[in-house]
Amino acid sequence: MTLLKTGKIRLGGGSFHCLRRIQFSHTYDDIISLENLLEAWKEFRKDKRSRKDVQEFERDLMGNIISLHKELVSKTYKHSAYEAFKVNDPKPRDIHKATVRDRLLHRALYRKLYPFFNRVFISDSTSCRLEKGTHKAVNRFRVFARKASFNHTKTVWVLKCDIRKFFASIDQTKLLAILAKYILDKDILGLISKIIGSFHSMEKGIGLPLGNLTSQLFVNIYMNEFDQFMKHRIKAKYYIRYSDDFVIISRDRDWLVSTISRIRNFLWYELRLSLHPNKVSIGTVASGIDYLGWVNFNDHRVLRTATKKRIFRRIREMQGKKETVQSYLGMIGHGNCQKLEMKVRLLIVYKEMNTQATITQGVGYI
């Protein structure tokens, strides 16, 4: 499934409509140019200037960029190995970090690919896109629930699904085939193939690394096939997807149940992906739908309990990171959480008072 443009061709006295897929217009030279690499560096280094590997690369910035450029021109570029580590955000995840040199190339490729593919995606694909994100998805959920329920006068049901081991299950051959529908330049496809093939999870040719900027874009391109299927074949009017987590809202529960097998079949036979067996559910909005960290009801939403506990734990653990506190307050402000906001602000004041008392006591001993 791909974005198509309709054109009209005349033959004799009649006419008929033909479908023409839009194509990526940038060339390989546009992507690997010194100008694009330098612009990519400016974007990449934001908020990273204090990191040791970034500082080391910047000591001979032009020499490193010219060396990378020469390898790209001669097509001798090879992707380096990844540094693997685990994070909890909130569940454990395996992150694979590329070298600064490789991440610079990822950025250079991304800044040309993203504007094109962003036009291809459906509006309600909200993950890793500018002016989208979890808040947009949750707000869209509220709008869809209101419309489907005729302003909350009818019962509406929500089918909620999650894809099992999402990043680790991406079929690289299928991904490259999807990209080839849009990108005709063989050199660009060859470069993308090197980046995609630089990693595998369960077996060779399977998986994308969590941590690559390009991975975020590639999974959206991959799942756009599913998005188009949902919109044009399933005819899901009220459908939202954030990464591997998606919902469909409808007044017809039986129809939602009937779509599960079609969804499961498409994901497996077309994309080699599986629904998580424990994360497929159907419930009413009136009873509360847990989606993207919020429990959504007809007329309000509240943070899920696990999210609230994580916020309090991280505020207690952190050392004066005001930007983190503000981000939490900003998130809380998107829901009906006045009491929670008051508790967070009181905790912050309490921490600041204790910190100041500790400093004062320390001064007294000097």
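See the structure shown above.
Report follows, based on the coordinates. (Residues numbered from 1 in each chain as written. Predicted model: local features only at pLDDT ≥ 70, side-chain atom pairs only at ≥ 80, totals over all residues. Heavy atoms only, no water.)

Comments concerning the nonpolar core
Phe117, Leu179, Ile183, Phe218 and Phe226 are the most contacted members of the largest nonpolar core, which has 70 residues in total. At 11 residues, the largest contribution of residues to this core is made by helix H5 (residues 100–120). Dropping the residues within four chain positions of it, Leu179 is found in contact with Phe117, Leu189, Ile192, Ile196, Phe218 and Ile221. (Core = buried A, V, L, I, M, F, W, Y, C linked by side-chain atoms within 4.5 Å. Buried < 20%, exposed > 50% of the residue type's maximum accessible area, 1.4 Å probe, protein only. Helix = DSSP H or I, 4+ residues; strand = E, 2+ residues; numbered from the N terminus. Contact = heavy atoms within 4.5 Å.)

Some words on empty space enclosed by the protein
Under the criterion given, the structure shown has 1 cavity of 30 Å³ or more. A volume near 60 Å³ is recorded for the largest cavity. Around the largest cavity, the lining residues are Val138, Phe141, Arg142, Ala145, Val285, Asn296, Phe297, Asn298, His300 and Arg301. Examining the composition of the lining of the largest cavity, we find that 4 residues originate from one element, helix H6 (residues 134–148), more than from any other. (1 Å grid on protein atoms, 1.4 Å probe; cavity = no way out; pocket = protein on both sides within 12 Å on 5 of 7 lines; lining within 4 Å. Points joined across faces, edges and corners; volume = space filled by probe spheres on them.)

A few points about the pairing of strand S6 (residues 239–242)
Both S6 and strand S7 (residues 245–250) contribute to a ladder of 4 bridges, which runs antiparallel. Bridge pairing links Ile240 to Val247 in S7. Hairpin connection between S6 and S7: a loop of 2 residues separates the two successive antiparallel strands, and Ser243 in this loop has a positive phi of roughly 55°. (Pairing = 2+ DSSP bridges.)

Considerations on the packing of aromatic side chains
Each aromatic ring pair is characterised by the separation of its centres together with the angle its planes make. The full count for this structure, using the stated rule, is 17 aromatic pairs. Centroid distance Tyr82 to Phe199: 6.0 Å. Interplanar angle 80°. Geometry classified as edge-to-face. One end of the pair, Tyr82, is in the loop between helix H4 (61–74) and strand S3 (83–88); the other, Phe199, is in the loop between helix H9 (186–196) and helix H10 (213–232), and 117 residues separate them in sequence. Under the relative-accessibility criterion, Tyr82 is labelled buried at 17%. Given the relative accessible area of 9%, Phe199 is considered buried. Ring centres of Tyr110 and Tyr114 lie 5.3 Å apart, and the angle between their planes is 20°; on these two criteria the pair is classed as stacked. Pair noted here: Tyr110 and Tyr114 are both in helix H5, with a separation of 4 residues, about one helical turn. (Phe/Tyr/Trp six-rings, centres within 6.5 Å; stacked < 30°, edge-to-face > 60°.)

Quick notes on the sheet that holds strand S9 (residues 289–291)
Judged by pairing direction, the sheet is antiparallel, and its 3 strands sit side by side in the order S9-S10-S11 without closing on themselves. What marks the edges here is a single partner per strand, and that holds for S9 and strand S11 (301–303). Neighbouring strand axes in the sheet, compared pairwise and without regard to direction, differ in orientation by 30° on average. (Axes fitted to C-alpha atoms, helices over the stretch in contact; angles between N-to-C directions.)

Focus: the sheet that holds strand S5 (residues 157–162)
In space, the 4 strands of this open sheet follow the order S6-S7-S5-S8, with antiparallel pairing throughout. The sheet is open, and its two edges are formed by S6 and strand S8 (281–284), each paired on a single side. Pairwise comparison of adjacent strand axes, ignoring direction, gives a mean angle of 20° for this sheet.

Some thoughts on the pattern of salt bridges
Here the structure, examined in full by the defined rule, presents 12 salt bridges. Two residues, Asp53 and Lys97, come together in a salt bridge whose shortest N-O distance is 3.4 Å. Of the two residues, Asp53 sits in helix H3 (residues 52–59) while Lys97 sits in strand S4 (residues 92–97), which places them 44 residues apart along the sequence. A relative accessible area of 26% means that Asp53 is categorised as partly exposed. Note that Asp227 is salt-bridged to Arg241, the shortest N-O span being 2.8 Å. Linking Asp227 in helix H10 with Arg241 in strand S6, this pair joins segments that are 14 residues apart in sequence. Overall, Asp227 belongs to the buried group, its relative accessible area being 0%. Judged by its relative accessible area of 0%, Arg241 is buried. Residues participating in the shared-partner salt-bridge network are Glu43, Arg107 and Arg111. (Salt bridge = Lys/Arg side-chain N within 4 Å of Asp/Glu carboxyl O.)

Geometry only, nothing functional implied.
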